Amino acid sequence: MKNLLASVGQMLFPNLCVCCDGYLSKQEVSVCDLCLYTLSKFELIAALDNPLAKKFWGRLKLEAATAYLSYKGTNDVKKLMHALKYKGDTHLGIEMGKWLGDALIRTGNFSTIDCVIPIPLHPKRQMLRGYNQCDLLGHGLCEAMKIPMISDVVVRERHNSTQTKKKRYDRYVNSKELFRVIDPSRIQGKNVLLIDDVITTGSTMESCGSVLLDVEGLKLSLASLAVAI
Ligand SMILES: [Zn+2]
């Protein structure tokens, strides 16, 4: 009966690939294998001096930083990020977190990570959206890497949308006040992996990362599902 209902459901609401709108097989989740294979990947993912890591040189002391996808040259990555951010596609978010987790394992640079912290949304924005897309990624990533996620140790105090016109230094001082660690003892001395969905300027990672690095003995690494460089 359950199978019959599932089959009828599949006929009425077929699972389609987020990128190409083609039908998905039972094994495929949200994205078909062909689209997954052809998605634009971040080159030099395993290099410790990759362009994303270099972006943070002189800004944050990091053990490693990398991303899985690149915005370069394809619209499919944009479609995925849009579905994650605005359509509340939970399956897609968790699945993409697994892609990122598997990719991080393959690099060999993230084997000592103790826990994952997703960049928090401002509570008001999370209430409006109904979810934090980075939490979805975090669930998938932690499942793949078999490490715990801690999503309640950092809070976001304000939006940073009004920062664009400020000068770089003002922006830095201003952005440091964006995030606050509410219980440092839980992450003291830990190897923390901070994750985001997309990195563009890196300013959000920088402000959240800098408050984490104020915690005693904490070592920090970064990972993002996609990067626009
Ligand atoms: Zn497809």
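Residues numbered from 1 in each chain as written. Predicted model: local features only at pLDDT ≥ 70, side-chain atom pairs only at ≥ 80, totals over all residues.

**Brief notes about the overall build of the chain**
Moving on, step 1. In terms of regular secondary structure, the chain is built from nine helices and six strands.
Moving on, step 2. Within the chain, the fraction of its 229 residues that count as buried is 35%. (Helix = DSSP H or I, 4+ residues; strand = E, 2+ residues; numbered from the N terminus. Buried ≥ 20, exposed ≤ 12 C-beta atoms within 10 Å, placed from the backbone.)

**Regarding the nonpolar core**
Moving on, step 1. Of all hydrophobic cores here, the largest spans 54 residues; its most connected members are Ala67, Tyr68, Leu100, Leu194 and Ile195.
Moving on, step 2. With residues up to four places along the chain from it excluded, the contact list for tyrosine 68 reads Lys41, Phe42, Ile45, Trp99, Leu100, Ala103 and Leu225. (Core = buried A, V, L, I, M, F, W, Y, C linked by C-beta atoms within 7 Å. Contact = placed C-beta atoms within 7 Å.)

**Observations regarding helix H5 (residues 90-107)**
Moving on, step 1. Under the 1.5 Å per step criterion, the end-to-end length of H5 is 26 Å for 18 residues, consistent within 8% with the ideal 26 Å.
Moving on, step 2. Where H5 is buried, its residues touch strand S1 (65-70), helix H4 (76-86), helix H7 (133-145) and strand S6 (219-227).
Moving on, step 3. At the exit of H5 stands glycine 108, carrying a positive phi of roughly 80°. (Expected span 1.5 Å × (residues − 1).)

**Regarding unusual backbone geometry**
Moving on, step 1. Not every positive phi belongs to a glycine, and aspartate 21 is a case in point at roughly 65°.
Moving on, step 2. When you line up the elements, aspartate 21 lands in the loop between helix H1 (2-12) and helix H2 (33-38).
Moving on, step 3. Using a count of 8 C-beta atoms within 10 Å as the deciding quantity, one classes aspartate 21 as exposed.
Moving on, step 4. One non-glycine residue, serine 30, adopts positive backbone phi at about 65°.
Moving on, step 5. Examined against the element boundaries, serine 30 turns out to sit in the loop between H1 and H2.
Moving on, step 6. In this structure serine 30 comes out as buried when scored by C-beta crowding, with 23 C-beta atoms within 10 Å.

**Brief notes about the sheet that holds strand S5 (residues 191-199)**
Moving on, step 1. The strand order across the open sheet formed by four strands is S1-S6-S5-S2, and the pairing between neighbours is parallel. Only two strands of the sheet have a single neighbouring strand rather than two, namely S1 and strand S2 (115-118). If you compare each strand with its neighbour and ignore which way they point, the axes differ by 20° on average.
Moving on, step 2. Sheet topology note: the S1/S6 ladder contains five bridges and is parallel. Note that in S6 the partner of serine 70 across the bridge is valine 227.
Moving on, step 3. H4 contacts S1, S5 and S6 of the sheet and is inclined by roughly 110° relative to S5.
Moving on, step 4. Across the sheet, helix H9 (residues 203-213) is in contact with S5 and S6; its angle to S5 comes to roughly 165°. (Pairing = 2+ DSSP bridges. Axes fitted to C-alpha atoms, helices over the stretch in contact; angles between N-to-C directions.)

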